[in-house]
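# Descriptive analysis of the structure
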Amino acid sequence: MNVIGAFTPQLVETAASRGVADLINTSSIAAQNIFPNFAVYSATKAYVTHLSRHLRAELGAKNVRVSAVEPGIVGTELQSHVTDAGALAWLEDSKETMEWLTPEDVARTVGFVASLPPRANLQQVTLMPTAQAA
């Protein structure tokens, strides 16, 4: 929230001078799906997705495109912060059944969203590992 608040005036100014600016938030598929043992994480990601939709409605008329990228499981340091035994077990099992996304996969998706023509805005993008069911 603080970062978005700090940069919104610059985004509006940039859009006025260049024709478009982008605010791309990182959410998660947990914003849309139910994952036992991930309630707090999922709630925070649902907030990010919903906030992005509202900001898109508020800033779109000013040519600021707002998008939420919702990746599935990505191999990052986030897993080292998980303390719930059930969540840890799920993470370990998932490593055996699928190839996780990489941070580079997410970065390429963000680059794609930002490279669209100024008239186009992807409100929400879900990026999944090929083998991840939900």
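See the structure above.
The sections below set out a description of the structure shown in this document. Keep in mind the model is a prediction, meaning the values are calculated, not measured.

One pass over the full model with this rule turns up 2 salt bridges. Among the ionic pairs, Arg 65 bridges to Asp 22, the shortest N-O distance being 2.8 Å. Of the two residues, Arg 65 is situated in strand 2 (residues 64–71) and Asp 22 in strand 1 (residues 21–26); the sequence distance between them amounts to 43 residues. A salt bridge links Glu 92 to Lys 95; its shortest N-O distance comes to 3.4 Å. On the criterion of helical spacing, the pair formed by Glu 92 and Lys 95 is a turn pair, its members being 3 residues apart in helix 3 (residues 85–97). We classify Glu 92 as partly exposed; its relative accessible area is 44%. Given the relative accessible area of 45%, Lys 95 is considered partly exposed.

What follows deals with unusual backbone geometry. Even without glycine at this site, Asn 37 takes up a positive phi of about 75°. In this structure, Asn 63 takes a positive phi of about 65° despite not being glycine. Inspection of the secondary structure puts Asn 63 in the loop between helix 2 (39–59) and strand 2. Among the residues examined, Asn 63 registers a relative accessible area of 41% and is labelled partly exposed.

A few words on the pairing of strand 1. Judged by which residues are buried, strand 1 turns out to be one-sided: Ala 21, Leu 23 and Asn 25 face inward and are buried, whereas Asp 22, Ile 24 and Thr 26, on the alternate face, are not. Relative to strand 2, strand 1 runs parallel, the two being bridged by 6 bridges. Bridge pairing in strand 2 places Leu 23 opposite Val 66. With respect to chirality, the unit in which strand 1 leads through helix 2 into the neighbouring parallel strand 2 is right-handed.

In this section: the packing of aromatic side chains. The tally for this structure, following the rule as stated, stands at 3 aromatic pairs. Ring geometry for Phe 35 and Phe 38: centres 6.4 Å apart, planes at 75°, overall edge-to-face. Here the two residues Phe 35 and Phe 38 agree in accessibility, since each one is buried. Plain terms: the ring middles of Phe 38 and Trp 90 are 6.1 Å apart, the flat faces sit at 80° to each other, and that makes the pair edge-to-face. Of the two residues, Phe 38 is situated in the loop between strand 1 and helix 2 and Trp 90 in helix 3; the sequence distance between them amounts to 52 residues. Residue classification places Trp 90 among the partly exposed positions, given a relative accessible area of 33%.

Now for the sheet that holds strand 2. As summarised here, the arrangement of the 3 strands in space is 1-2-3, forming an open sheet in which the pairing is parallel. Since the sheet does not close on itself, it has two edges, and those belong to strand 1 and strand 3 (124–127), each with one partner. Neighbour-to-neighbour, the strand axes of the sheet open up by a mean angle of 25°, direction not taken into account. Note: strand 2 against strand 3, 4 bridges, orientation parallel. Across the sheet, Pro 71 pairs through a bridge with Leu 127, a residue of strand 3. Helix 1 (residues 2–18) rests against strand 1 and strand 2 of the sheet, and its axis sits at about 150° to strand 1.

Compared with an ideal rise of 1.5 Å per residue, which puts 17 residues at 24 Å, helix 1 spans 24 Å between its outermost C-alpha atoms and is within 8% of the ideal. At Thr 8, helix 1 shows its largest bend, some 40°, and a proline, Pro 9, comes one to four positions later. When we look at burial in helix 1, the residues that qualify are Ile 4, Thr 8, Leu 11 and Ala 15. Taken together, the buried residues of helix 1 touch strand 1, helix 2 and strand 2. Remark: Gly 19 follows helix 1 within two positions and exhibits a positive phi of approximately 100°.

Reading the values: rules and limits
Residues numbered from 1 in each chain as written. Predicted model: local features only at pLDDT ≥ 70, side-chain atom pairs only at ≥ 80, totals over all residues. Heavy atoms only, no water. Salt bridge = Lys/Arg side-chain N within 4 Å of Asp/Glu carboxyl O. Helix = DSSP H or I, 4+ residues; strand = E, 2+ residues; numbered from the N terminus. Buried < 20%, exposed > 50% of the residue type's maximum accessible area, 1.4 Å probe, protein only. Pairing = 2+ DSSP bridges. Right-handed = clockwise from strand over helix to strand, strands pointing away. Phe/Tyr/Trp six-rings, centres within 6.5 Å; stacked < 30°, edge-to-face > 60°. Axes fitted to C-alpha atoms, helices over the stretch in contact; angles between N-to-C directions. Contact = heavy atoms within 4.5 Å. Expected span 1.5 Å × (residues − 1). Bend = angle between axes of the 7 residues up to and from the residue.

Interpretation in functional terms is not warranted from these geometric data alone.
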